[in-house]
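Architecture at a glance
The chain contents come next:
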Amino acid sequence: MTRKKRRLMVLLLAGLGLGTATALTLTAFQDNLVFFLSPSDVAARHPGGDRAFRLGGLVEAGSVERHTGADGRPTATFRVTDGPNTVSVTYAGVLPDLFREGQGVVTLGKLQPDGSFRATEVLARHDETYMPPEVADALRRTGHWNPSEGAAPPAASWNTAPRQGRVGG
Amino acid sequence: MDGPLTLGPGAAAPRPAGGRNLHRFANPGRFLRATGRLMPVLWAAALAVLALGVAWALVFSPPDWQQGETVRIMYVHVPMAWLAMGGYTGLAILSVMSLIWRHPLADLTARELSPVGAAATALCLATGSLWGKPMWGTWWVWDARLTSVLVLFFLWLGHAALVRAFDDPERGARAGAILALVGFVNVPIVKFSVDWWNTLHQPASVTRMGAPAMHVDILYPLLVCTLGYTLLFAAVVLARTRAAVMERRVRALQLARARREDATPA
């Protein structure tokens, strides 16, 4: 075995050990590395009302109600869903621009005794679709996609669609 | 020719064919000649592709249906993110060459690569933050993707500082190579953080199973921008490495002259 081969073997062994250690550590801390809990996680784990946590999911279609609170601040109630489970959320404050029905959101707050979630912060979550306005309009007009119902249809069905009726260049 | 970057006592010993092929590129004279011809072409290609890509991305490509014009930040953010990770993979390869084959040119290239990689990562973080405020509603969150990219930035900075912290450049290069390889575990974490854990950051749009979730009128200018920034990155790193090789050569010549003058009595 030459010196170079020995160095290669040492490097490979060290890499294997380091990779295994990292994988084990990340698996052990799996629960601490998630940024938010989905409504199904909340239903399964019943986090107590004393600890703040983040709740994430899609804003359910038709669930958003906006009011003005007693102190003049805007308040909103909406339901966050991940399909099988839903949590209703109340929030006092200004919602981000991207907030709409069918959009992903991450909210920070505490569970109330009645099972609703009182949020102190609402962040909008962008999904991985990038679509010109003309294409989004065409999908809506033809009934292929209703953005307030959730994610866009499979990308292959629209990502080469011509941008018809575009204004300007 | 045997420049200032001699290969040490082992250089004269017979080597297996693989080693000889690798050491062909370790010859600083040949490296300077080959890259000297390449550099003008590389600069011209980088500037031409970047001019095309930036004009296409900033002027002619459509806005996004809900992000509006803010989507254009992505044409800098995504290439910088890919360069931060691709460049770090390059640093890891250079470190393997340095540790196993004691490749002196790999040491020099790694030393010159890390400040450029740190700059790309910083741009990725800054543009991402500028995008996050109007879109998410926050400049920064500690989710797995953002945090792992911040760690990547510190690894780049740490490597740049460590290789320069030793009086003996060879020891600095050795320490830097080990740091770079240990830090390489972070690269798959950056890449897959959005799949392994739920994050505020969106999952991959381009490199994913199935079709890219990006309309071609947005995807093509992004790919052209990526090519342009990659060529620019390569040109900057190569130019820095050439300057470092020439610097070493000048220092060796000065040393040799000083020794000669010492030897001849005045």
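Residues numbered from 1 in each chain as written. Chains lettered and ligands numbered in written order. Predicted model: local features only at pLDDT ≥ 70, side-chain atom pairs only at ≥ 80, totals over all residues.

1. Quick look at the overall build of chain A
- Looking only at helices and strands, chain A has 4 helices and 6 strands in total.
- When its helices and strands are written in sequence order, chain A yields α-α-α-β-β-β-β-β-β-α.
- A compact globule built from 169 residues should have a C-alpha radius of gyration of about 15 Å, whereas chain A, at 23 Å, is more than 25% larger.
- By its C-alpha atoms, chain A is 75 × 55 × 30 Å across when sized along the principal axes.
- Out of the 169 residues belonging to chain A, those deemed buried represent 25%.
- Long-range pairs, those at least 24 residues apart, make up 49% of the contacts in chain A between residues at least 6 apart in sequence. (Helix = DSSP H or I, 4+ residues; strand = E, 2+ residues; numbered from the N terminus. Rg over C-alpha atoms; globule rule 2.2 N^0.38 Å. Buried ≥ 20, exposed ≤ 12 C-beta atoms within 10 Å, placed from the backbone. Contact = placed C-beta atoms within 7 Å.)

2. Observations concerning the interface of chain A and chain B
- Across the contact, 36 residues belong to chain A and 38 residues belong to chain B.
- For the side of chain A that touches chain B, the elements supplying multiple residues, two or more each, are helix H1 (3-28), strand E6 (117-125) and helix H4 (133-141) of chain A.
- The greatest single-element share of the side of chain A that touches chain B, amounting to 7 residues, is contributed by H1(A).

3. Looking at the packing of helix H3 (residues 74-101) of chain B against helix H4 (residues 104-135) of chain B
Residue and element names in this part refer to chain B.
- Their axes nearest at 8 Å, the elements H3 and H4 cross at an angle of 155°. Regarding the angle of H3 to H4, the classification is roughly antiparallel. Of the two elements, H3 crosses H4, and the hand of that crossing is left-handed.
- Looking at the contact of H3 with H4 residue by residue, the class counts come to 16 nonpolar, 11 polar and 1 charged. (Axes fitted to C-alpha atoms, helices over the stretch in contact; angles between N-to-C directions. Parallel < 35°, antiparallel > 145°, perpendicular 65-115°, else oblique. Left-handed = near helix turned anticlockwise from the far one by under 90°. Nonpolar A, V, L, I, M, F, W, Y, C, P; charged D, E, K, R; others polar.)

4. A word on the pairing of strand E1 (residues 53-59) of chain A
Residues and elements named next belong to chain A.
- Of all the 7 residues making up E1, 5 are buried; the element is thus mostly covered by neighbouring parts of the structure.
- Here E1 pairs with strand E3 (residues 74-81) via 2 bridges, running antiparallel. Bridged to Leu58 within E3 is Thr81. (Pairing = 2+ DSSP bridges.)

5. Comments concerning the packing of H3(B) against helix H7 (residues 186-196) of chain B
All names here are of chain B.
- It is at 10 Å that the axes of H3 and H7 come closest, and there the two elements cross at 155°. Between H3 and H7, the angle is such that the two are roughly antiparallel. Of the two elements, H3 crosses H7, and the hand of that crossing is left-handed. Residues Met85, Tyr88 and Thr89 of H3 touch H7, and the partners they reach there are Val187, Val190 and Lys191.
- For the contact of H3 with H7, the class distribution of residues is 4 nonpolar, 1 polar and 1 charged.

6. Some details on the UniProt feature "binding site: heme" (unreviewed entry) in chain A
- Per the UniProt record, the feature "binding site: heme" (unreviewed entry) sits at His126(A) and Tyr130(A).
- Other than its neighbours up to four places away in sequence, His126(A) contacts Leu98(A), Met135(B) and Gln202(B).
- Residue placement: Tyr130(A) occurs in the loop between E6 and H4.
- What Tyr130(A) contacts, discounting residues up to four positions off in sequence, is Asp64(B), Val71(B), Ser205(B), Ala213(B), Met214(B), His215(B) and Ile218(B). (UniProt positions renumbered as here; feature names shortened; annotations may be inferred.)

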